[in-house]
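Examination of the molecular architecture
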Amino acid sequence: MQTIFAIGMPGGMELFVIVFIVLLLFGAKKIPDLARGMGKGIREFKDATKEIKKEVDEAGKEIDK
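The residue count restarts for each chain, going from 1 along the sequence in the order it is written. The model is predicted, so local features are restricted to residues of pLDDT at least 70 and side-chain atom pairs to those at 80 or more, both for listing and for counting; the totals for chains, interfaces and linings are taken over all residues. Calculation of side-chain values draws on the structure's entire complement of heavy atoms; hydrogens and water are dropped beforehand.

1. With respect to the overall build of the chain
Comment: elements are numbered from the N terminus, with helices defined as DSSP H or I runs of at least four residues and strands as E runs of at least two. A count of helical and extended segments in the chain gives two helices and zero strands. Surface exposure of the chain reaches about 6600 Å², of which carbon and sulfur atoms provide 68%. Each accessible area value is a Shrake-Rupley result obtained with a 1.4 Å probe; residue values ignore everything except the protein chains displayed when judging cover.

Here you go:
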């Protein structure tokens, strides 16, 4: 028996409903702009984490000396 709150990725019908709701809320013209903005945000986040990791590694090397 399936539970109401399944953990994991949505199935075919659930994914269809989610896409339909997104289309209704934002419209077809806004979705590429939203995706572009999300891509830029993810890229900036990755760059920031790489920079922080680099700084931590450099600080660790200075402490070891």
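2. Focus: a negative patch on the surface
Note on patches: the residues involved have over 30% relative accessible area and no salt bridge, like charges join within 9 Å, and the nonpolar side chains Val, Leu, Ile, Met, Phe, Trp and Tyr join within 5 Å. The salt bridge criterion pairs a side-chain nitrogen of Lys or Arg with a carboxyl oxygen of Asp or Glu, the two atoms within 4 Å. A residue counts as positive if it is Lys or Arg and as negative if it is Asp or Glu; His and the chain ends are not included. Each charge is placed at NZ for Lys, CZ for Arg, CG for Asp and CD for Glu. On the surface, Glu-44, Asp-47, Glu-51, Glu-55, Asp-57, Glu-58 and Glu-62 cluster together into a patch of negative charge. Along the chain, Glu-62 falls in helix α2 (residues 31-64). Between buried and exposed lies partly exposed: a residue is buried under 20% and exposed over 50% of the maximum accessible area for its type, with that area taken using a 1.4 Å probe on protein chains only. The exposure class assigned to Glu-62 is exposed, which follows from its relative accessible area of 61%.

3. Brief notes about the pattern of salt bridges
In this structure the tally under the stated criterion is one salt bridge. Close ionic contact of Asp-33 with Arg-36 constitutes a salt bridge, the shortest N to O distance being 2.9 Å. In this pair, Asp-33 and Arg-36 both sit in helix α2, three residues apart, roughly one turn of the helix.

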